[in-house]
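# Observations on the model geometry
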Amino acid sequence: MSMEQSLQGAPEALETDGNVEEGKQYLTFRMADQKFGIPVSDVIQIIGIQEIISVPEYPTYAKGIIRLRDMIIPVIDLRVRFHKEAREYDDRTCIIVTTIMDEPFGLIADQVDAVLHITEDQISPPPQMTKEQSEYAYLAGVAMLEKDLVLLLDTQKVIFPAVAQKILDLLPEEADEETGAEDTASEEPSSQPATAEQK
């Protein structure tokens, strides 16, 4: 099954297809009444919404962390990040796993749409931003298609580098947790009955 066909079955777990032409294929998804896109080359995997563990001191749009195989991944709610009205997650809600600062991050989207081939002549530069609007620098361009206008995102600018680093610094260290669990277990008294020598 190709990636484009698999997207119709989202939010099941998906892997990117290595046969797409980088820089030309965009994964599109919906947030409220707008359509966004990111390069397929930036997508590691798409998974359905799952249990999110909250982390104290995260910004409001960083909903917490998920565990994916052997990785702990922070997740960003794009609705909250883009100042849209919050909504409950449902069976169409997806987490798009990408990388920011070379580390995996999950982006929560309302619904994955499709993979589109977008050419350079269909892309206009993003609107000029003032210094006060610098938080909107995540826009890489605007694709004008026949039936759609797609806002193309620069995944490296979805959140400020300093904020991304803070989120990464607050990730739990799995090795320490496992060591702590082992130490706690070793300190627990044995439930076995005492032998004659122990009495």
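Notes on the structure in this doc start here. Note that the structure is predicted; figures quoted are calculated from it, not measured.

Rules used in this analysis
Residues numbered from 1 in each chain as written. Predicted model: local features only at pLDDT ≥ 70, side-chain atom pairs only at ≥ 80, totals over all residues. Heavy atoms only, no water. Phe/Tyr/Trp six-rings, centres within 6.5 Å; stacked < 30°, edge-to-face > 60°. Lys NZ or Arg CZ within 6 Å of the ring centre and 35° of its normal. Pairing = 2+ DSSP bridges. Helix = DSSP H or I, 4+ residues; strand = E, 2+ residues; numbered from the N terminus. 1 Å grid on protein atoms, 1.4 Å probe; cavity = no way out; pocket = protein on both sides within 12 Å on 5 of 7 lines; lining within 4 Å. Points joined across faces, edges and corners; volume = space filled by probe spheres on them. Nonpolar A, V, L, I, M, F, W, Y, C, P; charged D, E, K, R; others polar.

To continue, consider the packing of aromatic side chains. This structure, assessed with the given rule, holds 3 aromatic pairs. Within the aromatic cluster, the residues linked to one another by ring pairs are Phe-29, Phe-36, Phe-82 and Tyr-138. The lysine or arginine in question, Arg-81, covers the ring of Tyr-61, its NZ or CZ lying 5.4 Å from the ring centre.

Now for the sheet that holds strand S11 (residues 139–144). Read from one edge of the open sheet, 6 strands run S9-S2-S3-S12-S11-S10, paired in mixed fashion. If you trace the sheet from one side to the other, it starts and ends with strand S9 (111–117) and strand S10 (123–124), each paired once. Inspection of the sheet shows strand S2 (residues 25–31) paired to strand S3 (residues 34–39) by 6 bridges, in the antiparallel sense. From the neighbouring strand, Arg-30 faces S3, where its bridge partner is Lys-35.

Now for empty space enclosed by the protein. In this approach, a probe sized like a water molecule rolls over the atoms, and the result shows the empty space that is left. With the rule as written, the count across this model stands at 1 cavity of 30 Å³ or more. Empty space within the largest cavity amounts to approximately 50 Å³. Forming the walls of the largest cavity are Met-31, Asp-77, Arg-79, Val-80, Ala-86, Arg-87, Tyr-89, Thr-93, Ile-108, Ala-109 and Asp-110. Contributing elements (two or more residues each) for the lining of the largest cavity: helix H2 (78–81) and strand S8 (103–109). Split into classes, the residues belonging to the lining of the largest cavity amount to 6 nonpolar, 1 polar and 4 charged.

Any link to function would need more than the numbers given here.
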